[in-house]
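# Working through the structure, step by step
One letter stands for each residue in the lines below.
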Amino acid sequence: MSAPGQAGFSLLETMVALVVLGLLMAGLTQGLRFGLQASQRQAAIVGARADLEAIDRVLRHLVEQIEPGSNIVPGRIAGLASSLAITTRLPVADGASPRQVDAMILVDARQRLVLRWTPFLHATRLVAARPPAEEELLRGVQRLELAYWNGQDWRKEWNGPELPHLVRIRVIFAPGDRRSWPTMIAAPRRDRRS
């Protein structure tokens, strides 16, 4: 306490004010730290979801653009429960013309969802083909589950010149992975060229 007629704070009042200020600063620091962690976590979730949506668009495009072939040269599809080999068009950016390729979608031994492709040739190869290009689409994938709709029921395999009505794609992540992938169903275009 101050003596009458003296202005200012006593040592005890100053100490109490500093303790209160310290507690306020500690609380603000913890709140700020919590807010930053929540923001970083949300950004990671949104980023992961955006990555999955991009992969979904790529897979959907590849299936929708399966080459149905013509009456002379039929389309090619070799679908198994865990991989899909097709002639299709790659997604393109910047208005470039679509590139027709022989492609395979599968999960490799390193638990990666990959797209392997080689340029499609409309003629017989005279020299050995180059090894296929490989694009990693997604990591941490345990398996790929594919099914093919024939108009009546789902089949685990599809092989031949006719295209299925629908292709169902499920991506199963490795155990403990918190990501989830909804079942995707895409319809190949089925009208053949004359």
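Structure: above.
Worth saying up front: this structure is predicted, and the values here are computed from it rather than measured. (Residues numbered from 1 in each chain as written. Predicted model: local features only at pLDDT ≥ 70, side-chain atom pairs only at ≥ 80, totals over all residues. Heavy atoms only, no water.)

Across all of its chains, the model carries 9 salt bridges by this definition. In this structure, aspartate 56 and arginine 60 form a salt bridge, with 3.6 Å as the shortest nitrogen-oxygen distance. Of this pair, aspartate 56 and arginine 60 both sit in helix α1 (residues 11-64), 4 residues apart, which is roughly one turn of the helix. Residue aspartate 108 is joined to arginine 112 by a salt bridge in which the shortest nitrogen-to-oxygen separation is 2.7 Å. Judged by relative accessible area, arginine 112 falls into the buried class, the value being 11%. (Salt bridge = Lys/Arg side-chain N within 4 Å of Asp/Glu carboxyl O. Helix = DSSP H or I, 4+ residues; strand = E, 2+ residues; numbered from the N terminus. Buried < 20%, exposed > 50% of the residue type's maximum accessible area, 1.4 Å probe, protein only.)

We now examine the pairing of strand β6 (residues 141-149). Bridge count between β6 and strand β9 (residues 166-173): 8 bridges; the pairing is antiparallel. Paired with leucine 144 across the bridge in β9 is valine 171. Strand direction decides the pairing type here: β6 and strand β7 (residues 154-155), joined by 2 bridges, are antiparallel. Looking at the pairing, tryptophan 149 lines up with tryptophan 154 of β7. The turn linking β6 back onto β7 is made up of 4 residues, and glycine 151 within it adopts a positive phi angle of 105°. (Pairing = 2+ DSSP bridges.)

Turning our attention to the nonpolar core. Within the largest apolar cluster, 32 residues are counted, with the highest numbers of intra-cluster contacts made by Leu59, Leu113, Leu138, Ile169, Val171 and Trp181. Listing elements by their share of this core, those giving two or more residues are α1, β2 (83-90), β3 (99-107), β4 (112-119), β5 (133-139), β6, β9 and β10 (184-186). Broken down by element, this core gets its largest block of residues, 5 residues, from α1. Apart from residues no more than four positions distant in its own chain, leucine 138 is found in contact with Leu52, Ile55, Gln111, Arg112, Leu113, Val171, Phe173, Arg179 and Trp181. (Core = buried A, V, L, I, M, F, W, Y, C linked by side-chain atoms within 4.5 Å. Contact = heavy atoms within 4.5 Å.)

Let us look at the packing of aromatic side chains. Here the structure, examined in full by the defined rule, presents 1 aromatic pair. Seen from the ring of tryptophan 154, arginine 168 lies directly overhead, with NZ or CZ sitting 4.6 Å from the centre. (Phe/Tyr/Trp six-rings, centres within 6.5 Å; stacked < 30°, edge-to-face > 60°. Lys NZ or Arg CZ within 6 Å of the ring centre and 35° of its normal.)

An order of β5-β4-β3-β2-β1-β8 is seen for the 6 strands of this open sheet, with the pairing classed as antiparallel. Of all strands in the sheet, those with a lone pairing partner are β5 and β8 (158-160), marking the two edges. In this sheet, neighbouring strand axes are inclined to one another by 25° on average, regardless of whether the strands run parallel or antiparallel. Examined bridge by bridge, β3 and β4 share 7 bridges and lie antiparallel to one another. Of the residues in β4, the one forming a bridge with aspartate 102 is threonine 118. (Axes fitted to C-alpha atoms, helices over the stretch in contact; angles between N-to-C directions.)

So, on to the sheet that holds β6. The strand order across the open sheet built from 4 strands is β7-β6-β9-β10, with neighbouring strands paired in antiparallel fashion. The open sheet is flanked by β7 and β10, the only strands paired with a single partner.

Moving on: a nonpolar patch on the surface. Among the surface-exposed residues, Leu11, Met15, Leu18, Leu21, Met25 and Leu28 lie close enough to one another that they form a single nonpolar patch of about 660 Å² accessible area. Its place among the elements puts leucine 18 in helix α1. For leucine 18, a relative accessible area of 52% puts it in the exposed group. (Patch = residues over 30% accessible without salt bridge, like charges linked within 9 Å, V, L, I, M, F, W, Y side chains within 5 Å. Areas by Shrake-Rupley, 256 points an atom, 1.4 Å probe, with all protein chains shown as cover.)

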